[in-house]
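# Fold and contact review
If you want the building blocks of each chain, they are given just below.
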Amino acid sequence: METVSDREQAVLSAVPTGLFIAGEWRESRSGARLDVEDPATGEVLTSVANATPEDGMDALAAAVDAQQAWAETAPRSRGDILRGAYEAIMDRIDDLALLMTLEMGKAVPESKAEITYAAEFLRWFSEEAVRVAGRYSMAPAGGSRLLTMKQPVGPCLFITPWNFPMAMGTRKIGPAVAAGCTMVVKPATETPLSMLALASIFAEAGLPAGVLNVVPTSSAGALSEPLIRDPRLRKLSFTGSTQVGRKLIEQSAEQVLRVSMELGGNAPFLVFDDADLDAAVDGAVQAKMRNVGEACTAANRFHVHESVAGEFADRLAARLAALRVGRGTDDGVDVGPLINAKQRDTVESLVDDAVGRGASALTGGSRTGDAGYFFEPTVLADVPRDARILAEEVFGPVAPVTTFTSDDDAVALANNTEYGLVAYVFTRDVQRALRVCERLETGMVGLNAGLVSNVAAPFGGVKASGFGREGGFEGIEEFLETKYVSIALP
Ligand code: NAD
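### Points about the sheet that holds strand β22 (residues 480–488)
If you walk across this open sheet you meet the three strands as β5-β6-β22, and the pairing is antiparallel. In the strand order of this sheet, the two ends are held by β5 (135–138) and β22, each with one partner. On average, adjacent strands in this sheet sit at an angle of 20° to one another, irrespective of strand direction. Of the strand pairs in this sheet, β5 and strand β6 (residues 144–152) are connected by four bridges, and their pairing is antiparallel. Considered in β6, the bridge of S137 is made with L146.

Written out as C-alpha cells, the structure reads:
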C-alpha cells in the first residue's frame, strides 16, 4: 500500500465498511469481504462486507418494516433530514472527494463537482418534500366529487453504477426519502465506499433505521433477483448498462413492478457550418472529457459539417493533447485512469478497430502508464461510418470525428442508434436549432452546451436509453402512486 498517503489512509479508515441494514453496521452473513481497488495503481485500498442474497433479504425486510412509519412521517421532517444530509456532505466535501477519487479514479476537482451535484439532489428534494399534493374537483356532469391523492410507492430497490458513485445514488435516494419511500441500495461492486459514507451521513442526519439500507456485493444478480421477484418490493430504479437493464425489466415483469431505467447512451455531438467554433470546441472538451469520458451523457461521436470538420478536429486535438493524465489525487491532473482493465481494453479495441478501417489519431491512441488503467486522450479523424466506435458506447477519453453534408444527413446520423439519452447541437441559427432539436430522438439536448445535467431538470432517455426521469419536478413522481377516490355528492 505504498502509494496511499497518510491523509488518504485516514480518509479510508473513517468510512464504515459493514453492511448498513436496519440502522446498524454489520458483517455479511458469510463473513466474506469485497476488495476495493485504486484504479490508478491496481492496489487494494480496503475491503467492505460482501453481502449474500440472505443479507439482501434482511435489507428488504428492514425497508418493509420501516415503510409505514416513514410514509406517515411529516413531510417537513423528511425534508429537514435531506437538508441536514446536504449540509453534512458539503461540510465534508474535501474528504468525500478524495475518497471518491481513490475508489473511482477521476481527478479530485471532478470528484468535488460530482459531490456538489450529488448533494444538490438532497437539497432540491428537501424542498420538494413539502410540495406533494393531489387535487379535488367536481365531476364534469356534477353529482360526485373527484379526489386524487399522492402516496409513496413503497419499498424500493436501487442499483447504481460506478461512474458517479454518489450522484447516481442521491438522484434516487433524494426523491424517495422526500416521497416517504424506504429503500435498499446496491452500489456498484467497484465503488461501494462513497455510498457507505453517504449512509453514515444519513444516519447522523437522523434518518430512521430501515429507511435506507446499503448492501455492497460481488454477486449483484444473485442478490437483486429475489428482491425483484418479492411482492413486498414495489419499485426498482436502475442506472447502468442497457444489457443489464433489459434483464432486470424481464425479471420485473413477473410482479409487474414499477421500474425506472437510466441506461446506456451513444450521444451524437453535431457541429453545423455556422457554429461558433470556440464554443463548439469548449463544449466538446466538456462533453467528452467529463468523468474521463465515463459518463452515459458523454459525447460518443462527433458529426461535423465537412466545411469545418478539419479545423474542429485539429483544435479539439490540441486541447486534449494539453490535458495531464495521472493519478486523480495528484495536483494538476486532469484525466484519471479508467475504472478497470476490462474498460481500458474495450476502449483500446474500439480505437484499434477505427484505425484499422482508415481513421487517423490526431492525438493519443494508446494505453499509457506503468500501472493502473490509463488511456491517452484521443482524437480520431476521418472515422469511416462503419467503425464500431460510432455504434458502441466508448466510455473513455476518445473523440471520433466524422463528417456530414446536410441537416438531414446530420439528423439521420444522430438518430441512427438504438440509444436516445442526449444529443449536443452547435449552431447559431435559431430556426435550424429548433428544427434539429425537435427531430432528435433523445430525452435531452445540449444546445450550444456541453453539459446538460442539472438538479432542476428532468434527466433521462428514450429508446434503449431507458424510461423515467430523475431530478426536476418529474423526479419525485417516480416514487408516488396516484390514488383516485370517487365521492358521491348527489
Ligand atoms: P452495469 O450495468 O454493468 O452495472 C450497473 C449496476 O448493475 C452495478 O451496480 C452492477 O453491480 C449491477 N449489476 C450488474 N449485473 C447485474 C445483474 N445481472 N443483476 C443486477 N444487477 C447487476 O453498468 P456499469 O458498467 O457499472 O455502468 C456503466 C453503464 O451505466 C453505462 O452503460 C452507462 O451509460 C450507464 N449509465 C447510465 C446513466 C443514465 O443515467 N442513463 C448514468 C450513468 C451510467
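### Thoughts on the pairing of strand β13 (residues 299–305)
Summarising burial for β13: seven of the seven residues are buried, a large majority. The sheet contact formed by strand β12 (residues 267–271) and β13 spans five bridges and is parallel. Opposite L270, over in β13, you have H303 as the bridge partner. For the handedness criterion, the β-α-β arrangement of β12, helix α10 (residues 277–289) and β13 is classed as right-handed. Across four bridges, β13 lies against strand β18 (residues 398–404) in parallel orientation. Across the sheet, residue V304 finds its bridge partner in β18, namely T403.

### Some remarks on the environment of G79
Along the chain, the position of G79 falls in helix α3 (residues 75–91). G79 gets classed as buried once you look at its relative accessible area, which sits at 4%. Through-space distance from the C-alpha of G79 to that of N300 is 38 Å; in sequence the pair is 221 residues apart. Apart from residues lying up to four places away in sequence, G79 is in contact with S126 and A129.

### Focus: the domain arrangement of the protein
When the domains of the protein are assigned, the result is domain 1 (6–264 + 466–484) and domain 2 (267–416 + 422–454). For domain 1 versus domain 2, the separation of C-alpha centres amounts to 31 Å. Buried surface at the junction of domain 1 and domain 2, summed over both partners, amounts to about 2000 Å²; 56% is from carbon and sulfur atoms. Of all residues in domain 1, P39, A40 and W162 bury the most surface against domain 2, accounting for 24% of the area lost on that side. At the boundary of domain 1 and domain 2, one finds two salt bridges. R327 is paired through a salt bridge with D38; the nearest N and O atoms lie 2.8 Å apart. On the surface where domain 1 and domain 2 come into contact, there are nine residue pairs in polar contact (both at pLDDT 80 or more). Looking at the side of domain 1 that touches domain 2, the elements with two or more residues in it are α4 (93–104) and α5 (108–128).

### Quick word on the packing of helix α6 (residues 167–179) against helix α7 (residues 193–204)
Axis separation between α6 and α7 bottoms out at 10 Å; the angle between their running directions is 35°. For the pair α6 and α7, the crossing hand works out as right-handed. Between α6, through G169, T170 and I173, and α7, the contact on the second element is made entirely by M195, L198 and F202. The residue inventory of the contact of α6 with α7, partitioned by class, reads four nonpolar, two polar and no charged.

### Quick look at the site of the ligand
Taken together, 30 residues form the shell around the ligand, and within it T160, S241, L263, C296 and E393 come nearest. The separation between an oxygen atom of the ligand and a polar side-chain atom of W162 is 2.9 Å. Here a nitrogen atom of the ligand sits 2.8 Å away from a polar atom, N or O, in the main chain of L263. When the free accessible area of the ligand is taken as 840 Å², the share hidden by the protein chains comes to 86%. Using a 2 Å cut-off from the grid points, one finds that the ligand occupies the largest pocket. Listing elements by their share of the shell around the ligand, those giving two or more residues are α6, α8 (220–228), β10 (235–239) and α9 (242–253). Partitioning the shell around the ligand into residue classes produces 15 nonpolar, ten polar and five charged. No fewer than three residues from each of domain 1 (6–264 + 466–484) and domain 2 (267–416 + 422–454) sit in the shell around the ligand.

### Digging into the sheet that holds β12
On the basis of which strands lie adjacent, the open sheet formed by seven strands has the order β14-β17-β18-β13-β12-β19-β20 and mixed pairing. This sheet does not close on itself; its edge strands, each paired only once, are β14 (360–363) and β20 (444–447). Between one strand and the next, the sheet's axes are offset by a mean angle of 25°, whatever the strand orientation. Here β12 runs beside strand β19 (residues 422–426); their pairing, made up of three bridges, is parallel. Counterpart to V271 in the pairing with β19 is F426. The strands touched by α10 are β12, β13, β18 and β19; relative to β12, the strand with the most contacts, the crossing angle is about 170°.

### Focus on the layout of surface pockets
Approximately 1200 Å³ is the volume found for the largest pocket. Forming the boundary of the largest pocket are 41 residues, of which W162, G240, S241, Q243 and V244 lie nearest the centre. Looking at the lining of the largest pocket, the elements that each hand over two or more residues are α8, β10, α9 and α12 (341–356). If one sorts the elements of the lining of the largest pocket by residue count, α9 sits on top with seven residues. Looking at the lining of the largest pocket residue by residue, the classes come out as 16 nonpolar, 15 polar and ten charged. Looking at the lining of the largest pocket, you find at least three residues from each of domain 1 (6–264 + 466–484) and domain 2 (267–416 + 422–454). What the second largest pocket holds in volume is close to 310 Å³.

Calculation criteria
Residues numbered from 1 in each chain as written. Predicted model: local features only at pLDDT ≥ 70, side-chain atom pairs only at ≥ 80, totals over all residues. Heavy atoms only, no water. Pairing = 2+ DSSP bridges. Helix = DSSP H or I, 4+ residues; strand = E, 2+ residues; numbered from the N terminus. Axes fitted to C-alpha atoms, helices over the stretch in contact; angles between N-to-C directions. Buried < 20%, exposed > 50% of the residue type's maximum accessible area, 1.4 Å probe, protein only. Right-handed = clockwise from strand over helix to strand, strands pointing away. Contact = heavy atoms within 4.5 Å. Domains from an automatic or database assignment. Buried area = accessible area lost by both parts, 1.4 Å probe. Salt bridge = Lys/Arg side-chain N within 4 Å of Asp/Glu carboxyl O. Polar contact = N/O pair within 3.5 Å; in protein donor to acceptor, adjacent residues only side chain to side chain. Left-handed = near helix turned anticlockwise from the far one by under 90°. Nonpolar A, V, L, I, M, F, W, Y, C, P; charged D, E, K, R; others polar. Near = heavy atom within 4 Å. Areas by Shrake-Rupley, 256 points an atom, 1.4 Å probe, with all protein chains shown as cover. 1 Å grid on protein atoms, 1.4 Å probe; cavity = no way out; pocket = protein on both sides within 12 Å on 5 of 7 lines; lining within 4 Å. Sits in = over half its atoms within 2 Å of the grid points. Points joined across faces, edges and corners; volume = space filled by probe spheres on them.

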